[in-house]
Amino acid sequence: MNSLSALTLSGIAVSIVLHIIVASAEAQVPAPKAALPIVGMWKLNVEKSNLRLPPDYVEIRQYRLRPDGFLVGLLITGNAQGYRYLQFTAKSDGKEYPEYTDQLLSEMIATGKQTPRTYSERIVDDYVTEWTDKVDGKVTGQGKKIVSKDGKTLTVTVDGAPSQTRIYDRQ
């Protein structure tokens, strides 16, 4: 199989997985009354982001708001060699909530070991949220998620040296 066929197949596989996740989530939870601007599906626009990534790299973010006010965030990353995910369920209250990866979740199921990762966020305004990731209580990443006023672009900044900016297009 040539690399173009592998990329096409991996793209189809990601699309199928995302559609299954979205359909499952929508079937289980009724739509909230007032959605946050971040709610929806976002795909990384590599050309607009200041990152060096392999040409077949894919990054998808999905956010949905539960009726109880918890925001569910899902990040899928990968390429033709495989995909990973990261997920949190949190309120935007600045408190720390457990964050899981595919590896950490399988470890928890197999051994009972709890995740060392936490996620917290705080809403700055209707379009800006500050977020913090920690592992074993130490900050591993922090920055902002900014939704454009027209709702078509999500910018995720990561503070630090060098800083990173990821630009996503609404799907």
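As a reminder, the structure under discussion sits directly above these lines.
Residues numbered from 1 in each chain as written. Predicted model: local features only at pLDDT ≥ 70, side-chain atom pairs only at ≥ 80, totals over all residues. Heavy atoms only, no water.

Chemist: Any chance you could explain the overall build of the protein here in plain terms?
Modeler: The helix and strand tally for the protein stands at two helices and 10 strands. Start at the N end of the protein and walk to the C end: the helices and strands fall as α-β-β-β-β-β-α-β-β-β-β-β. Per-residue burial for the protein yields a buried fraction of 36% across its 171 residues. Sequence separation of 24 or more characterises 36% of the internal contacts of the protein that already satisfy a separation of 6 or more. Counting every atom, the protein has about 10,200 Å² of accessible surface; 56% of that belongs to carbon and sulfur. (Helix = DSSP H or I, 4+ residues; strand = E, 2+ residues; numbered from the N terminus. Buried < 20%, exposed > 50% of the residue type's maximum accessible area, 1.4 Å probe, protein only. Contact = heavy atoms within 4.5 Å. Areas by Shrake-Rupley, 256 points an atom, 1.4 Å probe, with all protein chains shown as cover.)

Chemist: Before we go on, may I ask you to explain the packing of aromatic side chains in this structure?
Modeler: Tallying each qualifying case throughout the model produces three aromatic pairs. Geometrically, the ring pair formed by Tyr63 and Phe88 is tilted, given 6.4 Å between the ring centres and 50° between the ring planes. Linking Tyr63 in strand E2 (residues 58–65) with Phe88 in strand E4 (residues 82–90), this pair joins segments that are 25 residues apart in sequence. Look at Phe88 and you get buried, because its relative accessible area is 6%. Between Phe88 and Tyr119, the ring centres sit 3.9 Å apart and the planes meet at 20°, which makes this aromatic pair stacked. You can see Phe88 sitting in strand E4 and its partner Tyr119 sitting in strand E6 (residues 117–123), a full 31 residues away along the chain. The pair Phe88 / Tyr119 is uniform in exposure class, with both members buried. By the ring-pair criterion, three or more aromatic residues cluster together here, those being Tyr63, Phe88 and Tyr119. (Phe/Tyr/Trp six-rings, centres within 6.5 Å; stacked < 30°, edge-to-face > 60°.)

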